[in-house]
Amino acid sequence: DASWKRYDDVSAETLFRAVAGVSPTLYSELVSPLLHVLPMCPGYDCSAAAALSCFHVFALSASGAFDVRWCRGTISDRIFNPWVEQLKQLNVTVQGGAKVTAITETESNKFSVTVNDDQTIECDAVVFAVGITAAKKLLSSCPPLAAIQETAKWNRLRGVTCLCCRLFF
């Protein structure tokens, strides 16, 4: 309990960088990504106690089950572009870099999505595949979306950008 309390008052970033002397490169390339995957928060927002607990449980105690691998190449080239090609073969339209500026529900229980203020796409469903930062921006720029009662809670959320996927070859 005493150790937990002592480390709970220190951020994980402070513990690793200032106290333990982890180099900036090692921190940015190993420790920071692990913090985003295990306790799912940045080092400045995670207590050292929580970080150490996660590292112990997930990385040290079960090292055989710890299957994090670093991508060799860019995430776009190795993961997203091949995925987009597969989706296109299934007649899915992917518009990377397009900004959704409005979403409205039509009378026939479908949706009308306005992209880049000038293109409208009619669809059966809308899937939000964005982080909370992007969702908040969408909420502020899309009054029909902001009018939905459940989305009002989005402004209280915090988040970091983290991708976690399991690939089977």
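Coordinates for the structure precede this section.
Residues numbered from 1 in each chain as written. Predicted model: local features only at pLDDT ≥ 70, side-chain atom pairs only at ≥ 80, totals over all residues. Heavy atoms only, no water.

A. Up close: unusual backbone geometry. With a phi close to 65°, N91 is a non-glycine residue in the positive phi region. Relative to the elements of secondary structure, N91 occurs in the loop between α5 (75–89) and β1 (100–105). Judged by its relative accessible area of 72%, N91 is exposed. Positive phi is not limited to glycine here, since D117 has a value of about 65°. Mapped onto the secondary structure, D117 falls in the loop between β2 (111–115) and β3 (119–123). The class of D117 is exposed, set by a relative accessible area of 64%. (Helix = DSSP H or I, 4+ residues; strand = E, 2+ residues; numbered from the N terminus. Buried < 20%, exposed > 50% of the residue type's maximum accessible area, 1.4 Å probe, protein only.)

B. Molecular detail of the pattern of salt bridges. On inspection of all chains with the given rule, the structure shows two salt bridges. E13 is the salt-bridge partner of R17, the closest N and O atoms lying 3.9 Å from each other. Of this pair, R17 and E13 are both found in helix α2 (residues 12–19), four residues apart, which corresponds to roughly one turn of the helix. The salt bridge partner of K110 is D124, with a shortest N-O separation of 2.7 Å. (Salt bridge = Lys/Arg side-chain N within 4 Å of Asp/Glu carboxyl O.)

C. Region of the structure containing the packing of aromatic side chains. Per the counting criterion, the structure on display carries two aromatic pairs. Considering the side-chain rings of F16 and F55, the 5.7 Å spacing of their centres and the 40° angle between planes classify their relative orientation as tilted. Pair noted here: F16 is in helix α2 and F55 is in helix α4 (residues 48–60), with a separation of 39 residues, a long-range link. In terms of burial, F16 and F55 fall into one category: buried. Relative to W83, the ring of F80 has its centre 6.1 Å away and its plane inclined at 45°; by these criteria the two rings are tilted. (Phe/Tyr/Trp six-rings, centres within 6.5 Å; stacked < 30°, edge-to-face > 60°.)

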